[in-house]
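Descriptive structure summary
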Amino acid sequence: MAAPDTAKLIVLDRSKAKTLLNDPRLNDFKVLVVVNNPSDARFVVENANHVDLVNIGNFGKVDKDATRKRINDNLLLNDQDIADLKAIAAKGIKVEYQLVPDQGKTSLDQIISQEAN
């Protein structure tokens, strides 16, 4: 992974991420956390301060989990993934799908309704 000169890149395990994300020195910074799956996103939400948004951009294509259902070309979710995303939303955190900045955003409710079809 790379980052521009104006940003810092830090790769951490869950324990160290929990400590860093709760450090009050981060309060004055915008922080982007990249995780591997909805379970990790849920861990961050449940263990870090100031999470306002979870974007599930491009998930599920690489992992060949047969339980995942195709929501669209770039999003595959299974029942546990959806449960984790619903748990995040239940905490009042916006959950949306947006692959690239110039693409429209899709809310969790829309994602779930697509999954049902």
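None of these values were measured; they are calculated from a predicted model.

All buried positions along helix H2 (residues 38-47) are accounted for by Pro38, Ala41, Phe43, Val44, Val45 and Asn47. Buried residues in H2 make contact with helix H1 (14-21), strand E1 (53-55), strand E3 (75-77) and helix H3 (79-90). Here H2 starts with a cap whose side-chain oxygen sits 3.1 Å from the backbone nitrogen of Ser39, and that cap is Asn37.

Before going further, it helps to examine the sheet that holds strand E4 (residues 94-97). Overall, mixed pairing links the 3 strands, which are arranged E1-E4-E5 in an open sheet. Bordering the open sheet on either side are E1 and strand E5 (106-107), each of which pairs with just one other strand. Pairing of E1 with E4, which is carried by 3 bridges, proceeds in the parallel orientation. Each bridged residue has a counterpart across the sheet, and for Val54 the counterpart in E4 is Val95.

This next bit is on the environment of Leu21. Checked against the element boundaries, Leu21 lands in helix H1. A C-alpha to C-alpha distance of 9.3 Å links Leu21 and Val33, two positions 12 residues apart in sequence. Aside from chain neighbours lying at most four places away, what touches Leu21 is Leu26, Val31, Val33, Val44, Ala48 and Asn49.

Let us now look at the pairing of strand E2 (residues 69-72). Alignment of E2 against E3, held across 3 bridges, turns out to be antiparallel. Bridged to Arg70 within E3 is Leu76. Connecting the antiparallel pair E2 and E3 is a turn made up of 2 residues.

Relative to the helices and strands, Lys30 is located in the loop between H1 and H2. On a C-alpha basis, the gap between Lys30 and Phe43 in space is 19 Å, while along the polypeptide they are 13 residues apart.

Right, let's get into the nonpolar core. Within the largest apolar cluster, 16 residues are counted, with the highest numbers of intra-cluster contacts made by Val54, Ile56, Leu75, Leu77, Leu85, Ile88 and Ile111. Looking at this core, the elements with two or more residues in it are H2, E3, H3, E4 and helix H4 (108-116). When residues in this core are grouped by element, the largest group, 3 residues, is from H3. Apart from residues no more than four positions distant in its own chain, Ile88 is found in contact with Pro38, Ala41, Arg42, Val45, Val54, Ile93 and Val95.

Reading the values: the criteria
Residues numbered from 1 in each chain as written. Predicted model: local features only at pLDDT ≥ 70, side-chain atom pairs only at ≥ 80, totals over all residues. Heavy atoms only, no water. Buried < 20%, exposed > 50% of the residue type's maximum accessible area, 1.4 Å probe, protein only. Helix = DSSP H or I, 4+ residues; strand = E, 2+ residues; numbered from the N terminus. Contact = heavy atoms within 4.5 Å. Polar contact = N/O pair within 3.5 Å; in protein donor to acceptor, adjacent residues only side chain to side chain. Pairing = 2+ DSSP bridges. Core = buried A, V, L, I, M, F, W, Y, C linked by side-chain atoms within 4.5 Å.

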